Amino acid sequence: MFPVHQRITSNDGNTSRVPVSSGCEGFNFRTFRWAQTMLFAIDEINRKTDLLPNTDLGYVIYDSCFTISKAVEGTLTYLTGQDEAVPNYRCGNGAPLAALVGAGGSDLSIATARILGLYHFPQVSYSSSCSALESKFQFPTFLRTIPSDVHQSAAMARLVLHFGWTWVGAIAADDDYGKYGIKEFKEQVEEAGVCISFSETLPKVSSPEDIQRIVDTVVESTAKIIVVFSSDVDLSPLIHELLRHNVTNRTWIASEAWVTSALINQPGVSSVLGGTLGFGLKRADIPYLQNHLLDLDPYADPLNEEFWETVFNCTLDYGKALRQTRERAKGVNGSLSRGARGVPDGLCTGKEALEQLSNTYSDVSQLRITYSVYKAVYAVAHALHNLEHCEPGQGPFNRNSCAEITNFEPWQLMYYLKNVHFEVPNTGEEIFFNDGDVDGYYDIINWQVKGDGEVSYVTVGSYNGTAPREARMSILNGSIVWNNEELQPPRSVCSENCQPGTRKGIRQGEPVCCFDCIPCADGEISNTTNARECIQCGEDYWSNAARDACVPKTIEFLAFGEPLGITLIVISAFGALVTIAVGVVFVVRLGTPLVKANDALLSFSLLFSLVVTFLCSIVFLGEPQPWSCMTSQVALALGFALCLSSIMGKAAVLMLRAQALKAARSKAKAAAKAAKAAAEAAANSGSPDVIVTNTNNNNSDGNAGNPEVDSLTFGHQRAIAAVATLIQAVACTVWLIILPPHPVKNTAAQNVKIILECDEGSVVFICCIFAYDILLALLAFIFAFIARKLEDHFSEAKSVTFGMLVFFIVWISFVPAYLSTRGKFMVAVQIFAILASSFGLLACIFLPKCYVLLVKPERNTEEMMRPRSKPRDGTSTGTSASLATTATEVTATTASTAIDD
C-alpha cells in the first residue's frame, strides 16, 4: 500500500445513489518510486537461491491516495480478497496472504493497523514513525523499518538546545504524525527552558484561509527557528504561500517526511528554505535499482500508464489522443491535417527515454525511505524463509509444530517477523525488531544552495538514539551553511541573555523565555548568564560597579597621615602648647596679685585638664585599637570632669562673694536710711541733745556678717574639684571593668565601606559619664551666671559665664553635625567639638588674665583688685576685699550728718 496519489477527487456528496469509491489525483513520483522499489526487491528475492529458494513472492499494490478512507478501503479489500470492501469474511483464491508493507503516512498506518490487528495480520511499515504506534496493546501486529518519532523528537530537541535557541515556532500536520511528533518535541524543549513562540496546524484539506493565517503568524513572530512535523504533501501549500510573500530570514527544522522531498525542493525555494536543517533516515545505495526504474513498461498496469502519461505529458490511448487532436483542430481551422489523421498530436509512443528526464522518480541519490521499503520487503521475506525452513518437531507453536508455507495463519508469520534478524544485502546493516521498532539513527541534513541556485543535501552530522546520552548527537558546526549563506548560527530568543550583573525579571502573562534584565541591587551580584536571582555579598564585601563580583569593602578610619588628620593633630598640639604657655606665664607671675587673687593650684588643674582634652583628641585618630578606644573616651570624660569641676569651684566662690556683697550692700543702704531718718527726726523735734554715735550695729557679730571673708576657702574649692573628679574617675573605672569600649567594624553606616570605629561598650555608661560632665557644666554656668554682676576691674565671673556659654553652644551644635555625618567625618566632628570647646574655655577664662599679666602689668596691683568708684545708683559695689571699707564710709557719713544738724 503506497500513497501514489496525493489526494482523492472531490465528490458531489450525493446520497441518493449507491456510494462508489472515490478516484485519486495528483500523481506522486516519489511514492511511485517506493512502489517500484518493492517490485525490484521482490524480483531480486525471487532470483535468489539462498532466500526462499522454493517459493516465489507475489504482490498486490493498493493506492491509499494519502487519505485514511482510501487506506481503510484498501485494507478491507485486501483482507476479503474481493475487488470491493466486504468486511467479516474472505472469499478469495490463490496463494495465502503474507503481510502488508505500508501504508505510507502514520495516520494511514494507524487506521490500517487497527483493522489488521483484529486478524493478527502482520504489517511492516516503511514510513510511519508516529510514536503512538509503539503501543502493542493497540497495534499488536505492527512493525516498522523506520525509527519511532520518539527518537526524532528527542533529536530535534537536542539540536535546538545545541545551538542555544530558546524561542522557536512549531508547525505540525493535522494528523497523528504531526500531533504526536510536535507534542513530544515541545515537552522535551520546554522542560529544558525553551519556549514555543507559536504552534500552528497544517490543514489536511487545502484551505487558503488557514494557510494565510499561518503565514501571517510566521511573519509576525520574532522566532527565527521553525520546527515542522509534516509530510511533504501537507507542507507544500504553505511553502508556496511563503514564497509568494517572500518570507525569508527563517531557519526551518525538517522532519524526515519532507527533508529530502522533491515535492518541497522545487526551483526557487532556496530563498525561503536555504539553510534548512533536518533529520533524514539512514541513506543507502541499492545497486541496479536505477536500471529497474528506467526499464519501465508503460503498458504493464494502470499505474505505469498514468506515470508515463504524466511524466511525458502525453497519452498512451490512441482514441483519447485523436479526440484531443480533433478538439484542438476545430479550435484552429475546423479540419484535420493529413499528418494528424495518421499520428494524433500528444500520443505517446511508449519508447520515450526516462533517462533523459531529471525527475525525482529516477533520482537515487537520496535513497532513505526508499531504502526503508527495501528493508521492509526483505524482513517479510526472511520471516517467510524462517517459517518455510522450520524443522519438524522443533517449531515454536503448539507441541513444537511448524507452519506450512502454503497454508499458514497470519499470527504464525507474525511470530517469525518479530524474531527476524538478518543483514540487508549490499549494505550489511543488521535488521532486528525491538518490540516492533528499529534503532533510532538519523543523518542531520543541511540544505545548501549551490551556485546555480539549486539546493543540495549535505550531511553535517548524525544522531544515534541508542548511544549514551552525551554521545548521541555528532554535528559539524563549521560545515553548516545557514539561511542567506550565513556562516554563524542564527539567534532565536525572545529576550537577549541577561549578562552577569543582572537577573531575569519575569514578564507577567508571557512565556518564561520573555523576560527583562534587571540590574542587581547594591551589595548583590550575579556572575552567571541568565541568573534567576542575585547573590548577596558577604558582610565584609560589596558589589563592584558591574555587579558581577564581590570586592572587599573599603576600610575607612581617620588616619594620622591624611590631610584632615594632620590638620587636627596640628590644631590639637597648638592648643596644648598654648595652654602650657599660659601655665608658664602663671608660674612666672605666681606672686602677683592677679594670680594670687585666684587659687593658683585650681588654675593649674584647670590648665592641666585643658592640656588633657587637647591631647586626647589625637587619640581619636588612627585605626581604632582596644587601648585607644578606652583611652580616648576615658581621657575625654576625666579631662572635662577635672576642667568643669575646677571651673565650678571657682564659680561657686564667685557666687558666694556676690551673694555676700549683695547682703552687705542691702545692710549698708538700710543703715544709711535709718541714720538719715533719725537725723531728720531730731531736727524736727528741736532737741540738739540727741547725738547718734554709731548706726552700724549689724557689724557687731564679727565675721559672720563681714562679706570680706569668703565662706569657701581655697581648700574647699580644691575639695570640690577633687571630689567631683573622683566621682567621674570611679564611674569610668567601673565602665572599663564591666563593659569597656572596643573597636568594631561598622558595616551598616555605609554600604561600600567598613568603618573602623570605637563601640562605647554600654550606651548607659557613656550616657551617664557624659551626663555627669554636662551636670558639672550646668552647675558651673549657673554659679557664674549668678555672680556675673560682681563688679571690679577684673570680672572673672563674666569670663566664666562666657566660657560656659561657648562650651554649650559648641556641644549643642555638635549633636546635629555628628548625626548628619558618616564614617571618619564623625570622628572629625567629635574632635572639632572637643577642640572648639577647649579653645573656648581657654580663651574666655585665661585670655583676659594673660592680657593683664603680659600687656597691662600696671593693672596687676592690689588697688586694681579693689572695688571701682561709686556706681551710678549711688550704692557701693565691689569685691569681697573691699566691703569693709564701704561699710566704714557709710557709718562715718551718717555720724557727721547728725553732728551737723
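See the structure above.
Residues numbered from 1 in each chain as written. Predicted model: local features only at pLDDT ≥ 70, side-chain atom pairs only at ≥ 80, totals over all residues. Heavy atoms only, no water.

Draft legend 1. Geometry of the packing of helix α4 (residues 149–162) against helix α5 (residues 176–191). Their axes nearest at 8 Å, the elements α4 and α5 cross at an angle of 45 degrees. As judged from the angle between their axes, α4 and α5 are oblique. Read as a crossing pair, α4 and α5 show a hand that is right-handed. Here Asp149, Val150, Gln152, Ser153, Ala154, Met156, Ala157 and Val160 of α4 come into contact with α5, specifically with Tyr177, Gly181, Glu184, Phe185, Gln188 and Val189. Counted by class, the contact of α4 with α5 contains eight nonpolar, four polar and two charged residues. (Axes fitted to C-alpha atoms, helices over the stretch in contact; angles between N-to-C directions. Helix = DSSP H or I, 4+ residues; strand = E, 2+ residues; numbered from the N terminus. Parallel < 35°, antiparallel > 145°, perpendicular 65-115°, else oblique. Left-handed = near helix turned anticlockwise from the far one by under 90°. Contact = heavy atoms within 4.5 Å. Nonpolar A, V, L, I, M, F, W, Y, C, P; charged D, E, K, R; others polar.)

Draft legend 2. The arrangement of the sheet that holds strand β3 (residues 100–101) in detail. Here we have three strands laid out as an open sheet, ordered β3-β4-β5, and parallel in their pairing. Strands with a single pairing partner mark the edges of an open sheet, and in this sheet they are β3 and β5 (142–144). Sheet topology places β3 next to strand β4 (residues 123–125); two bridges connect them, and they run parallel. When the bridges of β4 are listed, Val101 appears paired with Val124. (Pairing = 2+ DSSP bridges.)

Draft legend 3. Inspection of the packing of aromatic side chains at higher detail. Counted by the stated rule, this structure contains 35 aromatic pairs. Relative to Phe307, the ring of Phe32 lies with its centre 4.9 Å away and its plane at 25 degrees, an arrangement referred to as stacked. Here Phe32 is found in helix α1 (residues 29–47), whereas its partner Phe307 is found in helix α10 (residues 302–312), with 275 residues between them in sequence. Across this residue pair, the class does not change: Phe32 and Phe307 are buried. A ring pair is formed by Trp34 and Tyr126, whose centres lie 5.6 Å apart and whose planes are at 70 degrees; its orientation type is edge-to-face. Here Tyr126 lies in the loop between β4 and β5 and Trp34 lies in helix α1, a separation of 92 residues in the sequence. Under the relative-accessibility criterion, Trp34 is labelled buried at 6%. (Phe/Tyr/Trp six-rings, centres within 6.5 Å; stacked < 30°, edge-to-face > 60°. Buried < 20%, exposed > 50% of the residue type's maximum accessible area, 1.4 Å probe, protein only.)

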